[in-house]
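The lines below spell out each chain.
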Amino acid sequence: MTDHLGLEDLNLTGEEAERLTNAFKEDGFRTLFAEYVAELNDPEQRAIYEAEVIAMERQRGVEARFLHPTPGWVLRTSQAGSRRCYINICSNRLIGRPESRPAPGGSCWFLPHSLAPGREELSRKEPRGPRRLVYDVVFHPSTLRLAGRMTQFRRLVNDTALEAIEKNFSPQLDRTNAVPLNRIKYKGVPQATLLRTPLAAGARPSPEEPGEPDDSPLPPFPSPYTYPPPSPQYEALRPPPPKPPPLATTPQWTLRHRSYVDLQDYRNARDSAPSPIPRELVMTIELPLLSSAAQAQLEIRGQELQLDSQRPAAYRLRVPLPYAVDESRGRATFNKAKKQLVVVLPVLRKPDTGLAFSVQAEQEQIEKTPENEEQLPENSGISPDKDDAEK
């Protein structure tokens, strides 16, 4: 998976950053840089680059072919419950054709495909927003034609693409909310992937160069494959049927206890102590496939928070709360940039009468105790009151 690299990831020194800043201020440097970018995007230059890569890979004993994806349809889902991502279902004739073999109760399909690590793309509507992951899964055109005719086969293609991405890159995709986008055939900028196949005879010289003598001082190009290449083998056992996805996805959430510092809780008194009960409960719910709070239904029933959503994504959340809350004074805000729903619930705090009761009971016990009366010694110089003397 590719990560976005910022300026801090380049490890530039102060001098290098200053030189680069001054270079972009010059018209000549900006002109050369624009010509370099235009050359990279020129189809003729890209064809020359691909031919050179193919020739170099052939010297290593590898047949290299560039797969240019033909758009098909797009699946929208989320990764790890917090990040939106798209899967482009594409086609190319260099991929193997689909094969069907009879199996007990039906047919077993083999769908050859190719995929590359995900890349990050910017949104056109929110260019300064978070980057979204895009994956390309390439099948043979016959696979997409069969998917256009049969709904079950189209579902099989989607499940194969999701399973391949999870197996190779482990992104924890949300299969329940993986839905195709209407009238959109491709997401992001198309990028070609390189398909490498080992040659049966090992390394070969390029067509432009007839070959080098055996006593060449140059070492041979390293090859990542063994020869002859092993023939592909298919498992004879029928894989178990996949488990049906749940009706709704449980979003990720975090619960925090929030209190406020009060100086009265730190006085030099017996009843001065910070309460262990928080003032508020703050819950953050990750909803990457929603665009507003109106698309979700939030309720507080007793000491349980309930959230439900059907469109554009199916979410269901049930969280027991550790304290009783005042739902009438609660508030919820939706962060459109982070796709998070933040719920703040004030905690109902009962008056603490236990300390006052214990102090009062102790005072009553002291008053009723005969030992509490002051005893004067016989030789004391303090004279009793007159009333006591007359008695």
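In this text the structure is predicted, and so the values were computed from the model without any measurement. (Residues numbered from 1 in each chain as written. Predicted model: local features only at pLDDT ≥ 70, side-chain atom pairs only at ≥ 80, totals over all residues. Heavy atoms only, no water.)

Draft legend 1. View of the packing of aromatic side chains. For the structure shown, the criterion picks out six aromatic pairs. A centroid spacing of 6.5 Å and a plane angle of 55° characterise the contact between Tyr 49 and Phe 66, whose relative ring orientation is tilted. Of the two residues, Tyr 49 is situated in helix 3 (residues 43–59) and Phe 66 in strand 1 (residues 62–67); the sequence distance between them amounts to 17 residues. A residue is classified by how much of its surface remains accessible, and Phe 66, at 16% relative accessible area, is buried. With a centroid separation of 5.0 Å and 75° between ring planes, the pair formed by Trp 109 and Phe 153 is classed as edge-to-face. Note that Trp 109 is positioned in strand 5 (residues 106–110) and Phe 153 in helix 5 (residues 151–169), a separation of 44 residues in sequence. Trp 109 gets classed as partly exposed once you look at its relative accessible area, which sits at 33%. (Phe/Tyr/Trp six-rings, centres within 6.5 Å; stacked < 30°, edge-to-face > 60°. Helix = DSSP H or I, 4+ residues; strand = E, 2+ residues; numbered from the N terminus. Buried < 20%, exposed > 50% of the residue type's maximum accessible area, 1.4 Å probe, protein only.)

Draft legend 2. Spatial organisation of the environment of Tyr 315. Position of Tyr 315 relative to the elements: it lies in strand 15 (residues 315–320). In the structure, Tyr 315 is positioned 66 residues away from Thr 249 in sequence and 4.8 Å away in space, judged by C-alpha atoms. Each residue touching Tyr 315, except ones within four places of it in the same chain, is listed here: Asp 174, Asn 177, Ala 248, Thr 249, Pro 251, Leu 287, Pro 288, Leu 289, Leu 290, Leu 307, Asp 308 and Ser 309. (Contact = heavy atoms within 4.5 Å.)

Draft legend 3. Inspection of a nonpolar patch on the surface at higher detail. Judged by side-chain polarity, Leu 12, Leu 20, Phe 24, Phe 33, Tyr 36, Val 37 and Leu 40 come together as a nonpolar surface patch covering roughly 600 Å² of accessible area. Of all the secondary-structure elements, those providing two or more residues to the nonpolar patch are helix 1 (14–24) and helix 2 (27–40). For the nonpolar patch, the element with the highest residue contribution is helix 2, accounting for four residues. Mapped onto the fold, Phe 33 is located in helix 2. With a relative accessible area of 39%, Phe 33 lands in the partly exposed category. (Patch = residues over 30% accessible without salt bridge, like charges linked within 9 Å, V, L, I, M, F, W, Y side chains within 5 Å. Areas by Shrake-Rupley, 256 points an atom, 1.4 Å probe, with all protein chains shown as cover. Salt bridge = Lys/Arg side-chain N within 4 Å of Asp/Glu carboxyl O.)

Draft legend 4. Structural detail: the sheet that holds strand 15. Read across the sheet, three strands follow the order 13-14-15 without closing on themselves; strand pairing throughout is antiparallel. Unpaired on one side and paired on the other, strand 13 (297–301) and strand 15 mark the two borders of the sheet. In this sheet, neighbouring strand axes are inclined to one another by 10° on average, regardless of whether the strands run parallel or antiparallel. Of the strand pairs in this sheet, strand 14 (residues 304–309) and strand 15 are connected by six bridges, and their pairing is antiparallel. Within strand 15, the position partnered with Leu 307 by the bridge is Leu 317. (Pairing = 2+ DSSP bridges. Axes fitted to C-alpha atoms, helices over the stretch in contact; angles between N-to-C directions.)

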